[in-house]
Amino acid sequence: MTIRPRRSVLYMPGSNPRAMEKAKTLPIDAVILDLEDSVAPDAKGEARKLVAETVKAGGFGRREVFVRVNGVDTPWFSDDLDAVVPAKPDVILVPKVSSPDTLEMIGQRLLDMHADSKIRIWIMIETPLSIFNIQALAACAGDTETRLGGFVMGTNDLAKETRVRLVPGRAPMIGWLATCVLAAHAYGLDIVDGVYNTLSDMEGFERECREGRDLGFDGKTLIHPNQIAPCNAVFSPSADEVALARKMIAAFEQPENRGKGVVQIDGRMVERLHAEMAQRTVAIADAIGAE
Ligand SMILES: CC(C)(COP(=O)(O)OP(=O)(O)OC[C@H]1O[C@@H](n2cnc3c(N)ncnc32)[C@H](O)[C@@H]1OP(=O)(O)O)[C@@H](O)C(=O)NCCC(=O)NCCSC(=O)C[C@H](O)C(=O)O
Ligand SMILES: [Mg+2]
């Protein structure tokens, strides 16, 4: 399995060519060119064309390119797919998917379009039903036809649908977030946390990045370039973590430890499961270092 960093995933309106051009130079792991909520109904057609041209033109380097289309129940979904799929983004991100049936329908639609097999489908988890159905959705990961690649939390829509408040610490929705992380990782999927709306509150933003990291998210979705550096810092393994990870891997490679299940390193118990976790830390650090 390819391990790739998805620390910082920046949204930008698909109607904003200046922002999309700027994204090609920003230190982000992925971009989301948005055709949904950040694009006004009257601007959808023009944005769709612009996004398709932008993806086709390329120039995003190692950044993963997501296009967020409009939801399956909207009048724009079908035209969005027709325009964007031939441009071959890495990911089509579909909002407000609540059930595996919908996911299967999307997979079938891509199959009918003879879409490039490398294109993955990611879905937004942002309806109450998607939280109830999260295990069934995640279980589609093994099904080649649905092409499921991962989840993005839509915390604004979740707040809208449930009337919970977006308060510091997110206590009202922390159980939902943790359940989604659990389901994603149970089926080998990546999952990216929701956005932080208050651009002027960097302290609150960094706190929420740490909260997401500690819950097990792979990264966070962002809405402004100012959020990139603190987000990357929080979601990157620290130099100490990487050094310890290398020590753990090396320890079990020593001939005297080959037959052991547990060793002591720097005053702590290290089992083989920790060495496996260390492999991931090093792979992520190497991928970040290779930028
Ligand atoms: C929020 C913004 C509208 C603010 O824009 P603006 O007032 O232009 O900000 P600045 O003047 O501070 O911008 C400085 C420069 O940075 C560029 N910029 C700003 N934002 C972005 C961006 N997201 N990507 C790339 N570049 C960006 C500006 O162009 C300026 O550049 P320059 O002119 O060269 O100096 C704006 O930040 C914005 O539109 N953000 C993204 C909004 C968005 O995409 N929203 C949808 C996703 S969130 C969502 O839907 C969540 C989910 O579904 C849920 O339910 O929770
Ligand atoms: Mg949303």
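This one's a predicted model, so the numbers in the text were calculated from it and none came from an experiment.

1. Quick look at the overall build of the protein
For step 1, the next point in the chain: On a plain count of helices and strands, the protein comes out with 12 helices and 10 strands.
For step 2, the next point in the chain: Here the C-alpha radius of gyration of the protein, 20 Å, is about what a compact globule of 291 residues would show, namely 19 Å.
For step 3, the next point in the chain: For the C-alpha atoms alone, the extent of the protein along its principal axes is close to 65 × 45 × 40 Å.
For step 4, the next point in the chain: By the burial criterion, 49% of the 291 residues in the protein qualify as buried.
For step 5, the next point in the chain: Once local pairs closer than 6 in sequence are excluded, the contacts in the protein between residues at least 24 apart make up 70%.

2. Remarks on the site of ligand 1
For step 1, the next point in the chain: Lining the immediate environment of ligand 1, one finds 21 residues, of which Tyr 11, Arg 18, Asn 156, Ile 223 and His 224 sit closest.
For step 2, the next point in the chain: Glu 126 is positioned with one of its side-chain polar atoms (N or O) 3.1 Å from an oxygen atom of ligand 1.
For step 3, the next point in the chain: For ligand 1, an oxygen atom lies 2.9 Å from a polar atom in the backbone of Asp 157.
For step 4, the next point in the chain: When ligand 1 is considered free in solution it has 1,000 Å² of accessible area, and contact with the protein chains removes 66% of it.
For step 5, the next point in the chain: Mapped by element, the contributors of at least two residues to the shell around ligand 1 are strand S1 (8-13), helix H1 (17-23) and helix H7 (155-162).
For step 6, the next point in the chain: Ranked by residues supplied to the shell around ligand 1, first place goes to S1 with four residues.
For step 7, the next point in the chain: When the residues that make up the shell around ligand 1 are grouped by side-chain class, the tally is 10 nonpolar, five polar and six charged.

3. Topic: the nonpolar core
For step 1, the next point in the chain: Ranked by internal contacts, the top residues of the largest apolar core, which has 61 residues, are Leu 33, Ile 92, Ile 123, Ile 125, Phe 151 and Met 153.
For step 2, the next point in the chain: Ranked by residue count, the leading element in this core is helix H8 (residues 174-186), at five residues.
For step 3, the next point in the chain: Setting aside residues up to four positions removed in sequence, Ile 125 forms contacts with Ser 130, Ile 131, Ile 134, Leu 137, Phe 151, Val 152, Met 153, Gly 154, Leu 158 and Cys 180.

4. Quick look at the environment of Ala 245
For step 1, the next point in the chain: Structurally, Ala 245 can be placed in helix H11 (residues 239-253).
For step 2, the next point in the chain: Of the residues examined, Ala 245 reaches a relative accessible area of 3% and is grouped as buried.
For step 3, the next point in the chain: Separated by 16 residues in the primary sequence, Ala 245 and Gly 261 have C-alpha atoms spaced 16 Å apart.

5. Details of the packing of H11 against helix H12 (residues 272-289)
Between two packed helices, both the angle of their axes relative to each other and the distance between the axes serve to describe the pair.
For step 1, the next point in the chain: At a minimum axis distance of 8 Å, the contact between H11 and H12 shows a crossing angle of 130°. In terms of orientation, H11 lies oblique with respect to H12. Seen along the crossing, H11 lies across H12 with a hand that is left-handed. The segment H11 lies against H12, with Glu 241, Val 242, Ala 245, Arg 246, Met 248, Ile 249 and Phe 252 engaging Arg 272, His 274, Ala 275, Ala 278, Gln 279, Thr 281, Val 282, Ala 285 and Asp 286.
For step 2, the next point in the chain: Residues that form the contact of H11 with H12 fall into these classes: nine nonpolar, three polar and four charged.

6. Quick word on the packing of aromatic side chains
For step 1, the next point in the chain: Scanning the entire structure with this criterion turns up two aromatic pairs.
For step 2, the next point in the chain: Taken together, a centroid distance of 5.0 Å and an interplanar angle of 70° make the contact between Phe 66 and Trp 122 edge-to-face. Here Phe 66 is found in strand S3 (residues 64-68), whereas its partner Trp 122 is found in strand S5 (residues 120-125), with 56 residues between them in sequence.
For step 3, the next point in the chain: On the accessibility criterion, Phe 66 (1% relative accessible area) is buried.

7. Some details on the environment of Asp 116
For step 1, the next point in the chain: You can see Asp 116 is positioned in the loop between helix H4 (100-112) and S5.
For step 2, the next point in the chain: Using a relative accessible area of 23% as the deciding quantity, one classes Asp 116 as partly exposed.
For step 3, the next point in the chain: Excluding residues within four positions of it along the chain, Asp 116 makes contact with Lys 88 and Arg 147.

8. Here we look at the side chain of Ser 98
For step 1, the next point in the chain: Assignment of secondary structure puts Ser 98 in the loop between strand S4 (91-94) and H4.
For step 2, the next point in the chain: Look at Ser 98 and you get buried, because its relative accessible area is 17%.
For step 3, the next point in the chain: Separated by 2.7 Å, the side chains of Ser 98 and Thr 127 make a polar contact.
For step 4, the next point in the chain: Those residues within four positions of Ser 98 in sequence are excluded, and the remaining contacts are Thr 127, Leu 129, Ser 130, Asn 133 and Leu 137.

9. Remarks on the sheet that holds S4
Hydrogen bonding along the main chain pairs the strands of a sheet, whether they run parallel or antiparallel.
For step 1, the next point in the chain: Spatial ordering of the closed barrel is given by S1-S2-S3-S4-S5-S6-S7-S8, a layout of eight strands whose pairing is parallel. Mean inter-strand twist for the sheet, computed between neighbouring axes without regard to direction, equals 25°.
For step 2, the next point in the chain: When strand S7 (residues 190-193) meets strand S8 (residues 219-222), the two strands line up parallel, connected through two bridges. Bridge assignment links Val 192 to a residue of S8, and that residue is Gly 219.

10. A short note on the environment of Val 91
For step 1, the next point in the chain: Secondary-structure assignment places Val 91 in strand S4.
For step 2, the next point in the chain: For Val 91 and Arg 213, which are 122 residues apart along the polypeptide, the C-alpha to C-alpha distance reads 23 Å.
For step 3, the next point in the chain: Once residues within four sequence positions are removed from consideration, Val 91 is found in contact with Glu 64, Val 65, Phe 66, Val 67, Arg 120 and Trp 122.

Scoring rules and cut-offs
Residues numbered from 1 in each chain as written. Chains lettered and ligands numbered in written order. Predicted model: local features only at pLDDT ≥ 70, side-chain atom pairs only at ≥ 80, totals over all residues. Heavy atoms only, no water. Helix = DSSP H or I, 4+ residues; strand = E, 2+ residues; numbered from the N terminus. Rg over C-alpha atoms; globule rule 2.2 N^0.38 Å. Buried < 20%, exposed > 50% of the residue type's maximum accessible area, 1.4 Å probe, protein only. Contact = heavy atoms within 4.5 Å. Near = heavy atom within 4 Å. Polar contact = N/O pair within 3.5 Å; in protein donor to acceptor, adjacent residues only side chain to side chain. Areas by Shrake-Rupley, 256 points an atom, 1.4 Å probe, with all protein chains shown as cover. Nonpolar A, V, L, I, M, F, W, Y, C, P; charged D, E, K, R; others polar. Core = buried A, V, L, I, M, F, W, Y, C linked by side-chain atoms within 4.5 Å. Axes fitted to C-alpha atoms, helices over the stretch in contact; angles between N-to-C directions. Parallel < 35°, antiparallel > 145°, perpendicular 65-115°, else oblique. Left-handed = near helix turned anticlockwise from the far one by under 90°. Phe/Tyr/Trp six-rings, centres within 6.5 Å; stacked < 30°, edge-to-face > 60°. Pairing = 2+ DSSP bridges.

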